[in-house]
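Coordinates in review
Residues per chain are reported as follows:
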Amino acid sequence: METGSELSKTVATFIVQKILLDDMGLNYICATRERFYAVSTVLANMINMLVDQPSQRLLKHTVRCYLRLADNPKSREELQRNALPDAFRNGTFDLFLKDDLTTKRWLNQLLEALQS
């Protein structure tokens, strides 16, 4: 997911998103800390890359992955502690998401879920 063209990164992230959207996939990834951190580390690297090289589609799929991870109580705890990239909390993508209401809504839902 971290190497290749923007299209290949987007496709890889979309596949992870589809796995996470399935309850069995979410439970499998969140069953151990190692699996969760393997996925969240790659997603965090994608976000760090997006700070320098923005991509609307890639950001949308990555935010959706994080939102789905937050549906699992164990992974939500980890995201609250330290696994969520600062770029989500500090408004880095606010201007970029101005016209993408869906991704903006997902990011806001993610941040709200992690506050409770």
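Quick summary incoming for the structure in this document. (Residues numbered from 1 in each chain as written. Predicted model: local features only at pLDDT ≥ 70, side-chain atom pairs only at ≥ 80, totals over all residues. Heavy atoms only, no water.)

Turning to the overall build of the chain, a few remarks are in order. A tally of helices and strands in the chain yields 7 helices and 0 strands. In terms of C-alpha radius of gyration, the chain reaches 13 Å, essentially the compact-globule figure of 13 Å for 116 residues. Structurally, the chain occupies a C-alpha span of about 35 × 35 × 20 Å along its principal axes. In the chain, which comprises 116 residues, the proportion classed as buried is 42%. (Helix = DSSP H or I, 4+ residues; strand = E, 2+ residues; numbered from the N terminus. Rg over C-alpha atoms; globule rule 2.2 N^0.38 Å. Buried < 20%, exposed > 50% of the residue type's maximum accessible area, 1.4 Å probe, protein only.)

Quick look at helix α3 (residues 33-52) now. In a regular helix each residue adds 1.5 Å, so 20 residues correspond to 28 Å; α3 covers 29 Å between its end C-alpha atoms and thus fits that length. Buried residues along α3 sit in contact with α1 (6-21), α2 (23-30), α4 (56-69), α5 (73-83) and α6 (86-89). (Expected span 1.5 Å × (residues − 1). Contact = heavy atoms within 4.5 Å.)

For the rest of this paragraph, the subject is the nonpolar core. Judged by nonpolar contacts, the single largest core of 32 residues is most densely connected at Tyr66, Leu69, Leu79, Phe88 and Leu110. With near-sequence residues (within four places) excluded, Phe88 lies in contact with Ile47, Leu59, Val63, Tyr66, Phe93, Leu107, Leu110 and Leu111. (Core = buried A, V, L, I, M, F, W, Y, C linked by side-chain atoms within 4.5 Å.)

Now for the packing of α4 against helix α7 (residues 101-115). The N-to-C vectors of α4 and α7 enclose an angle of 25°; their axes lie 9 Å apart at closest approach. As judged from the angle between their axes, α4 and α7 are roughly parallel. Classified by chirality, the crossing of α7 by α4 is left-handed. For the pair α4 and α7, the contacting residues are Leu59, Lys60, Val63, Arg64, Tyr66 and Leu67 in the first and Thr102, Thr103, Trp106, Leu107, Gln109 and Leu110 in the second. Its residues assigned to classes, the contact of α4 with α7 comprises 7 nonpolar, 3 polar and 2 charged. (Axes fitted to C-alpha atoms, helices over the stretch in contact; angles between N-to-C directions. Parallel < 35°, antiparallel > 145°, perpendicular 65-115°, else oblique. Left-handed = near helix turned anticlockwise from the far one by under 90°. Nonpolar A, V, L, I, M, F, W, Y, C, P; charged D, E, K, R; others polar.)

Residues of α5 that are buried: Ser75, Glu78, Leu79 and Ala83. An end-on view of α5 places all buried positions within 105° of arc, on one side of the element. Sitting at the head of α5, Asn72 places a side-chain oxygen 3.0 Å from the backbone nitrogen of Lys74. (Arc of directions from axis to C-beta. Polar contact = N/O pair within 3.5 Å; in protein donor to acceptor, adjacent residues only side chain to side chain.)

Before going further, it helps to examine the side chain of Asp100. When you line up the elements, Asp100 lands in the loop between α6 and α7. A relative accessible area of 9% means that Asp100 is categorised as buried. Side chain to side chain, Asp100 and Gln56 meet in a polar contact 2.9 Å long. Each residue touching Asp100, except ones within four places of it in the same chain, is listed here: Gln56 and Lys60.

A side chain with one charge may pair with a side chain of the opposite charge, provided their charged atoms come close. Considering all chains together, one arrives at 6 salt bridges under this definition. For the salt bridge of Arg33 with Glu78, the shortest nitrogen-to-oxygen distance reads 2.7 Å. Separated by 45 residues along the polypeptide, Arg33 in helix α3 and Glu78 in helix α5 bring together distant segments of the chain. Judged by relative accessible area, Arg33 falls into the exposed class, the value being 52%. (Salt bridge = Lys/Arg side-chain N within 4 Å of Asp/Glu carboxyl O.)

None of the figures reported here should be taken as evidence of function without further support.
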